[in-house]
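# Coordinate inspection notes
Residue-level listing of the chains:
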Amino acid sequence: MSKPTIKIFQDLTSLHDEAVSLIVSLAKTAIQKRGKFLMALAGGGTPKPIFRLLSQPPRTHQIDWQHVLLFWGDERFVAPKHEESNYGLAQELLLRHIPIPKQNIYRMKGEVDMVSAVADYTYKLAQVSEFGRTWPRLDLAIMGMGNDGHTASLFAGKIGSEELLRPVMAVNGADYDSKPSQRLTLTPLVFNDARHVLFLATGTKKAETVTAVFNPNTSPANYPAKRIQPHNGSLSWFLDQGAASNLVAVQK
Ligand code: 6PG
């Protein structure tokens, strides 16, 4: 388990630019080595500028989209066109602008019941699974973090057996920022198997939680972002000044 690389940026423009450079670089390497690049997208607002940069020149031409497979870290149980849909957000800002084959888009079905959605995504992951697992090894998982320390739709509380044993699970009763309370989420089984995890956290509202996540004495039960520790991959945290404002000594 490698130590996280923490990068603090003077401004959001440089943070977003470096995040996209990392995505482009990881995509090139993965496609050169294995013929494909598997990336899971985060929902919420933080990734929006990243999607926009990836959707337009020059960056959009730096990725061979034909060989990219897209997944989601989580989804809300809403229809794809609903304003709170993570897929809908990515479709608006990125997917409709890039030549990615439809069959390469592994959408979580927020419009069906929970049991069907879990079964559907479990099946989808199994279709591209490898190494004897029932899920694919992601080349990159882009992750956000809520002010409460949640990530994807892994929320504070006792870590249940489903989260430990299943690659995808439904979450009922998520209470955050008046967002939809019913969610579908990948679990740490998938995230921690990724070759690279990139956390993006910005804004002073996240400063206290960022500090708590990096505090060795806090619990992953209380701070779900701590549950994401790739066991054979690298972990980067990209922070702006606001999100890092509580950190005392940080790596550059
Ligand atoms: C979601 C996201 C969630 C998000 C955090 C941070 O579906 O809401 O996947 O985990 O990353 O809530 O959201 P912001 O980026 O909007 O702060």
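These figures come from a predicted structure and were not determined experimentally.

Bringing the site of the ligand into the picture now. Residues in contact with the ligand amount to 16 residues; listed here are only the nearest, Gly45, Thr46, Asp74, Ala152 and Lys206. Contact between the ligand and Asn86: an oxygen atom at 2.9 Å from a side-chain N or O atom of the residue. Note that an oxygen atom of the ligand is positioned 2.7 Å from one of the backbone N or O atoms of Ala152. For the shell around the ligand, the residue count by class is three nonpolar, nine polar and four charged.

With that out of the way, let us pick up the packing of helix α1 (residues 12-34) against helix α2 (residues 48-55). One can describe the packing of α1 onto α2 by two numbers: an axis separation of 10 Å at closest approach and a directional angle of 60°. In terms of orientation, α1 lies oblique with respect to α2. For the pair α1 and α2, the crossing hand works out as right-handed. Packed against α1, whose contacting residues are His16, Asp17, Ala19, Val20 and Ile23, the element α2 presents Pro49, Ile50, Leu53 and Leu54 at the interface. Here the residues of the contact of α1 with α2 are counted per class, giving seven nonpolar, one polar and one charged.

With 23 residues, α1 ought to run about 33 Å at 1.5 Å a step, and its terminal C-alpha atoms sit 32 Å apart, in line with that. Along α1, the residues classified as buried are Leu15, His16, Ala19, Val20, Leu22, Ile23, Val24, Ala27, Ala30 and Ile31. For α1, the secondary structure elements touched by its buried residues are β1 (5-9), β2 (37-41), α2, β5 (140-143), β8 (196-201) and β9 (234-240). A distance of 3.1 Å separates the backbone nitrogen of Thr13 from a side-chain oxygen at the start of α1, and that oxygen is part of Asp11. Looking at the residues trailing α1, positive phi occurs at Gly35, about 80°.

It is worth spelling out unusual backbone geometry at this point. Following Pro57, the chain continues to Pro58 via a peptide bond in cis, the omega torsion being 0°. Here the phi dihedral of Phe131 falls at roughly 55°; this positive angle occurs in a residue that is not glycine. Its place among the elements puts Phe131 in the loop between α4 (114-127) and β5. Assessed through its relative accessible area of 54%, Phe131 is described here as exposed.

Of note, Thr29 is situated in helix α1. A C-alpha to C-alpha distance of 35 Å links Thr29 and Ser116, two positions 87 residues apart in sequence.

So, on to the pattern of salt bridges. A side chain with one charge can pair with a side chain of the opposite charge if their charged atoms come near. According to the stated counting rule, one finds 13 salt bridges in the structure shown. The shortest N-O distance in the salt bridge between Asp17 and Arg59 comes to 3.1 Å. Of this pair, Asp17 sits in helix α1 while Arg59 is found in the loop between α2 and β3 (68-72), placing the two residues 42 residues apart along the sequence. A relative accessible area of 39% means that Asp17 is categorised as partly exposed. The salt bridge partner of Glu163 is Arg227, with a shortest N-O separation of 2.9 Å. You can see Glu163 sitting in helix α5 (residues 161-165) and its partner Arg227 sitting in the loop between α7 (207-214) and β9, a full 64 residues away along the chain. There is no split in this pair, since Glu163 and Arg227 are both buried. Salt bridges sharing common partners tie together Arg34, Asp139 and Arg195.

Turning our attention to the packing of aromatic side chains. Scanning the model with the defined rule gives five aromatic pairs in all. Ring pairing ties together the aromatic residues Phe199, Phe214 and Trp237, which thus form one cluster. Above the plane of the ring of Tyr87 lies Arg107, whose end atom (NZ or CZ) is 5.5 Å from the centre.

With that out of the way, let us pick up the nonpolar core. If you look at soluble globular proteins, the nonpolar side chains tend to sit buried side by side. By size, the foremost hydrophobic cluster in this structure holds 81 residues, and its most contacted members are Phe71 and Leu239. For this core, the element with the most residues is α1, which contributes nine residues. Residues within four places of Leu239 in sequence aside, it is in contact with Ile6, Lys7, Ile8, Phe9, Leu15, Ala201, Val210, Phe214, Ala244 and Leu247.

Rules behind the numbers
- Residues numbered from 1 in each chain as written.
- Predicted model: local features only at pLDDT ≥ 70, side-chain atom pairs only at ≥ 80, totals over all residues.
- Heavy atoms only, no water.
- Near = heavy atom within 4 Å.
- Polar contact = N/O pair within 3.5 Å; in protein donor to acceptor, adjacent residues only side chain to side chain.
- Nonpolar A, V, L, I, M, F, W, Y, C, P; charged D, E, K, R; others polar.
- Axes fitted to C-alpha atoms, helices over the stretch in contact; angles between N-to-C directions.
- Helix = DSSP H or I, 4+ residues; strand = E, 2+ residues; numbered from the N terminus.
- Parallel < 35°, antiparallel > 145°, perpendicular 65-115°, else oblique.
- Left-handed = near helix turned anticlockwise from the far one by under 90°.
- Contact = heavy atoms within 4.5 Å.
- Expected span 1.5 Å × (residues − 1).
- Buried < 20%, exposed > 50% of the residue type's maximum accessible area, 1.4 Å probe, protein only.
- Salt bridge = Lys/Arg side-chain N within 4 Å of Asp/Glu carboxyl O.
- Phe/Tyr/Trp six-rings, centres within 6.5 Å; stacked < 30°, edge-to-face > 60°.
- Lys NZ or Arg CZ within 6 Å of the ring centre and 35° of its normal.
- Core = buried A, V, L, I, M, F, W, Y, C linked by side-chain atoms within 4.5 Å.

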